[in-house]
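Understanding the architecture of this molecule
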Amino acid sequence: WGAATASYQIEGAANEDGRGESVWDRFCSTPGKVRNGDTGAVACDFYHRYREDVALMRELGLDAFRFSIAWPRIVPGGRGRVNPKGLDFYDRLVDELLGNGISPFVTLFHWDTPQPLQDEGGWPSRGIIEPFCEYVEAVAERLGDRVGHWITHNEPWVVSWVGHGWGHHAPGHASDADALATAHHLLLSHGRAVEILRRAAP
């Protein structure tokens, strides 16, 4: 019996400890895109309150927690330098969950593409696959000794069509061609990520 979340929906701390900008930060700050101009800048403040939240999970009797890792918190520029403080946060979270008898289920991509990669073409561009794989490698090497359950992409259909085909979600594209290319590259990156996970976290 578990609960599920997503990084941008709960973490907050959008400008702390080296986290970079995501497409959702940009989308939410664009007038008219989100009702009331709401953002995930603070959200549930899980970044600071995760110990209290894990205690609530234990009190509820949960034995599984599905959460996503914020790619811009791990690789702020989308590629290149890995942010150790970002990895440290998820390291502490995994230990806190395990210490409370809760199995971590890690999602690697729940829609928060680093904005610098979006500026280079984002998911419609095949060039995003390699940076995604580098990010997956960094996370798997750090957490793979304790995490036994991995999800590569959350709802790729939503990313493809709601975000790139219809423009209702970040990054706000309205292009069938972008949606189809995004779907293709998400699936290719899924295959590559699975190979990395099997190697780094068997």
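Structure: above.
Being a predicted model, the structure only gives us computed values, none of them experimental.

Below, the discussion takes up the pairing of strand S2 (residues 64-68). Counting buried positions along S2 yields 5 of 5 residues, so the element is predominantly enclosed. Covered by surrounding structure in S2 are Ala64, Arg66 and Ser68 together with Phe65 and Phe67, the residues of both alternating faces. Here strand S1 (residues 2-4) runs beside S2; their pairing, made up of 3 bridges, is parallel. Looking at S2, one finds that Gly2 is bridged to Ala64. Both S2 and strand S3 (residues 103-109) contribute to a ladder of 5 bridges, which runs parallel. By the bridge assignment for S3, Arg66 is matched with Phe105.

Scanning the model with the defined rule gives 2 cavities of 30 Å³ or more in all. Every residue along the wall of the largest cavity is listed here: Trp24, Phe109, Trp111, Thr113, Gln118, Trp123, Val158, Val159, His164, His169, Ala170 and Pro171. For the lining of the largest cavity, the leading source of residues is helix H8 (residues 156-164), giving 3 residues. Residues belonging to the lining of the largest cavity are distributed by class as follows: 8 nonpolar, 4 polar and no charged. Estimated volume of the second largest cavity: approximately 50 Å³. For the lining of the second largest cavity, the per-class residue count stands at 2 nonpolar, 3 polar and 4 charged.

For the structure shown, the criterion picks out 13 salt bridges. Between Arg73 and Glu11 there is a salt bridge; the shortest N-O distance is 3.0 Å. Here the residue Arg73 occupies a position in helix H4 (residues 71-74), and Glu11 occupies one in the loop between helix H1 (7-10) and helix H2 (23-28), the gap between them amounting to 62 residues. You can call Arg73 buried: its relative accessible area is 0%. The partner of Arg146 in a salt bridge is Asp91, and the shortest N-O contact between them spans 2.6 Å. With Arg146 in the loop between helix H7 (129-143) and strand S4 (149-153) and Asp91 in helix H5 (residues 84-99), the pair connects residues that are 55 residues apart, well separated along the chain. Within the structure, one salt-bridge network assembled from shared partners comprises Asp88, Asp91, Asp95, Arg142, Asp145 and Arg146.

Let's shift gears to the packing of helix H3 (residues 46-60) against H5. Closest axis-to-axis distance for the H3/H5 pair is 10 Å, and the angle between their directions is 10°. On the basis of their axis angle, the class for H3 and H5 is roughly parallel. Packed against H3, whose contacting residues are Phe46, Tyr47, Tyr50, Arg51, Val54 and Met57, the element H5 presents Lys85, Phe89, Arg92, Leu93, Glu96 and Leu97 at the interface. For the contact of H3 with H5, the residue count by class is 8 nonpolar, no polar and 4 charged.

Another point: the sheet that holds S2. Taken together, the 4 strands give an open sheet; going across it, the order is S1-S2-S3-S4, and neighbouring strands pair in parallel fashion. Strand pairing shows two members of the sheet lacking a second neighbour, S1 and S4, which therefore form its edges. For this sheet, the mean angle separating the axes of adjacent strands, direction not counted, is 15°. Bridge count between S3 and S4: 4 bridges; the pairing is parallel. Bridge pairing in S4 places Phe109 opposite His153.

So, how was this worked out
- Residues numbered from 1 in each chain as written.
- Predicted model: local features only at pLDDT ≥ 70, side-chain atom pairs only at ≥ 80, totals over all residues.
- Heavy atoms only, no water.
- Buried < 20%, exposed > 50% of the residue type's maximum accessible area, 1.4 Å probe, protein only.
- Helix = DSSP H or I, 4+ residues; strand = E, 2+ residues; numbered from the N terminus.
- Pairing = 2+ DSSP bridges.
- 1 Å grid on protein atoms, 1.4 Å probe; cavity = no way out; pocket = protein on both sides within 12 Å on 5 of 7 lines; lining within 4 Å.
- Points joined across faces, edges and corners; volume = space filled by probe spheres on them.
- Nonpolar A, V, L, I, M, F, W, Y, C, P; charged D, E, K, R; others polar.
- Salt bridge = Lys/Arg side-chain N within 4 Å of Asp/Glu carboxyl O.
- Axes fitted to C-alpha atoms, helices over the stretch in contact; angles between N-to-C directions.
- Parallel < 35°, antiparallel > 145°, perpendicular 65-115°, else oblique.
- Contact = heavy atoms within 4.5 Å.

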